[in-house]
Amino acid sequence: MSRSTTRQVGNHTISLTKDNIVADGKNSTMVYSFPTSVYFDQEEIALAQLQMYYSWENINSTTLNNNVFTYQFPTAGGGYTSHTITIPSGLYEISDINFYLQSQMIINGHYLVNDKSQNVYYLELVISPTSYSVVANMYALPTSLPTGWANPASMPFPPSTLTTKIDILSTNNFKEIIGFQAGTYPATTQTTNQSQASADFSPRLIPNVQPNRNVSITCSNINNPYANPTTKIYSLAPNVGLGEYINLTPAEYLYNDLANGAVNQLRIQFLDKNGAPMIILDSDITLNFTIRKKHAQPM
C-alpha cells in the first residue's frame, strides 16, 4: 500500500521597527536588510502584525495642499478686511481647526469677552453629528460693546451691523476637508447671523477630514497584477481615532508571491491616495511579516 507525504516547510518571520526607518523625515519608508543575501524560490510573504499610531498628517501645504482659507472681518468704516489662515502641518479634527482659527482671531484682535469672562468669536467651524456635516457659523458684529462685556484687543465696531464672512478657496484642497464648494459664505453682505453646512450643497458634499483614510502598504520584490500599485501587500484602514494606537493582526494572512531570485533587502512603504510616501508623525512603528514556501508539494 502506497501513500504520499507532504514535505514540511517552515515559516520565517521578519520584524521591522523604528530602527528600519529611512531617515528622510517622513517615517513612511522602511528597509529590512537580510544578514546575508537570500534566494527566494517559490516563496510568498504576508503582513502578520502592524503596530503604530494613527499619526499621518491630514493637513499640510505640500502633498495634500489643504491648509489655507481666509475670512473677512467687518471694519469701522463699514467694509471688510481679508485675513489668511494658514494651518501648520499636522493631524487635525474639525474642533482642532476651529481652535486654530480662533487662536488667530485672538492674534488679529477679532474677539470680545462677555459678562461671563468667555471669549466670543464671530466665526466658527463645528461638526453637526445629526446631519453628518461641517457647519460654518458666521455671526453679525454689533455696532457697540454690549453692556458688561470687555474689548481687550480694541476690536473695531462697524457703523451698522455686519456679518463675518469665510472664503473657501479654489486654489487648494481645504474645501474637501470641510465638504464645501469653493466660494464666499455668505455670498453677499448680511446683517444677521448666518450658517452654511456641507449638507446644504446640491449634490450633497461629504467632509473628508482624513484624505488618506486608506493607506497602501507596499513591499519590494512582489508583483501583484491585481493591485495598484502592483507592490501593494496590504491596505490599511484604521478603526481607531486620530492619534490613537493601531494594533492590527489580520484574521487571515494575505500572501503575495515573492519574485524568485537573490535579494539583500526588502523595502516597505506607506503610500497615500496618490501613491506618494506619506508623512507619518510618530516613528514608533513595528511590522511583522511571515514568509513561507508558496505551495507544499506532495512527495
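This text follows the structure it describes.
Described in the following lines is the structure provided in the data block.

On to the nonpolar core. Ranked by internal contacts, the top residues of the largest apolar core, which has 35 residues, are Phe 69, Ile 87, Ile 97, Ile 166 and Phe 174. Every element with two or more residues in this core is listed here: β4 (68-74), α1 (94-107), β6 (112-113), β8 (123-128), β9 (133-138), β12 (165-168) and α2 (174-178). Ranked by residues supplied to this core, first place goes to α1 with five residues. Those residues in contact with Ile 97 that sit more than four places away from it in its chain are Ile 59, Phe 69, Ile 87, Tyr 92, Leu 125, Phe 174 and Ile 177.

So, on to unusual backbone geometry. Trans peptide bonds make up the majority, and among non-glycine residues the majority have a negative phi. Cis geometry marks the peptide bond from Ser 202 to Pro 203; its omega dihedral reads 0 degrees. Tracing the backbone through its elements, the reader meets Pro 203 in the loop between β14 (194-197) and β15 (215-219). Following Asn 228, the chain continues into Pro 229 via a peptide bond in cis, with omega recorded as 5 degrees. Mapped onto the elements, Pro 229 comes out in the loop between β15 and β16 (232-236). A positive phi angle, close to 50 degrees, is found at Asn 65, a residue other than glycine.

Scanning the model with the defined rule gives three salt bridges in all. For Glu 44, the salt bridge goes to Arg 292, with nearest N and O atoms at 2.6 Å. With Glu 44 in strand β3 (residues 43-53) and Arg 292 in strand β20 (residues 286-293), this residue pair connects regions lying 248 residues apart in the sequence. Note that Asp 257 is salt-bridged to Lys 294, the shortest N-O span being 3.6 Å. One end of the pair, Asp 257, is in strand β18 (residues 256-257); the other, Lys 294, is in the segment after β20, and 37 residues separate them in sequence. With relative accessibility at 38%, the residue Asp 257 sits in the partly exposed group.

Our focus in this paragraph is the sheet that holds β15. Taken in spatial order, the four strands make up an open sheet running β2-β19-β15-β16, and their pairing is antiparallel. Strands with a single pairing partner mark the edges of an open sheet, and in this sheet they are β2 (29-40) and β16. When strand polarity is set aside, the average angle formed by the axes of neighbouring strands in this sheet is 15 degrees. Sheet analysis places β15 next to β16, joined by four bridges and oriented antiparallel.

This part covers the side chain of Gln 51. Positionally, Gln 51 belongs in strand β3. Within the local environment of Gln 51, its side chain forms a polar contact with the side chain of Asn 247, the two groups lying 3.5 Å apart. Residues within four places of Gln 51 in sequence aside, it is in contact with Tyr 245, Ile 246, Asn 247, Asp 284, Ile 285 and Thr 286.

On to the sheet that holds β9, then. The pairing of strands in a sheet happens through backbone hydrogen bonds and is either parallel or antiparallel. Read from one edge to the other, the open sheet built from three strands follows the order β8-β9-β14, with strand pairing classed as antiparallel. For this open sheet the edge positions go to β8 and β14, each flanked by a neighbour on one side alone. When the angles between neighbouring strand axes are averaged without regard to direction, this sheet yields 20 degrees. Direction of pairing for β8 relative to β9: antiparallel, over a ladder of six bridges. By the bridge assignment, Glu 124 is partnered in β9 with Asn 137. Sitting on the sheet, α1 is in contact with β8 and β9, with an inclination near 170 degrees to β8.

If you walk through the whole model with that rule in mind, you get eleven aromatic pairs. Taking 5.4 Å as the distance between ring centres and 85 degrees as the angle between the ring planes, the aromatic pair formed by Phe 180 and Tyr 185 counts as edge-to-face. Each of the two residues, Phe 180 as well as Tyr 185, counts as buried. Considering the side-chain rings of Tyr 253 and Tyr 255, the 6.2 Å spacing of their centres and the 75 degrees angle between planes classify their relative orientation as edge-to-face. Three or more aromatic residues link up through ring pairs in this structure, and these residues are Tyr 32, Phe 34 and Phe 40. Positioned above the aromatic ring of Tyr 80, the side-chain terminus of Lys 165 is 4.8 Å from the ring centre.

About the thresholds
Residues numbered from 1 in each chain as written. Predicted model: local features only at pLDDT ≥ 70, side-chain atom pairs only at ≥ 80, totals over all residues. Heavy atoms only, no water. Core = buried A, V, L, I, M, F, W, Y, C linked by side-chain atoms within 4.5 Å. Buried < 20%, exposed > 50% of the residue type's maximum accessible area, 1.4 Å probe, protein only. Helix = DSSP H or I, 4+ residues; strand = E, 2+ residues; numbered from the N terminus. Contact = heavy atoms within 4.5 Å. Salt bridge = Lys/Arg side-chain N within 4 Å of Asp/Glu carboxyl O. Pairing = 2+ DSSP bridges. Axes fitted to C-alpha atoms, helices over the stretch in contact; angles between N-to-C directions. Polar contact = N/O pair within 3.5 Å; in protein donor to acceptor, adjacent residues only side chain to side chain. Phe/Tyr/Trp six-rings, centres within 6.5 Å; stacked < 30°, edge-to-face > 60°. Lys NZ or Arg CZ within 6 Å of the ring centre and 35° of its normal.

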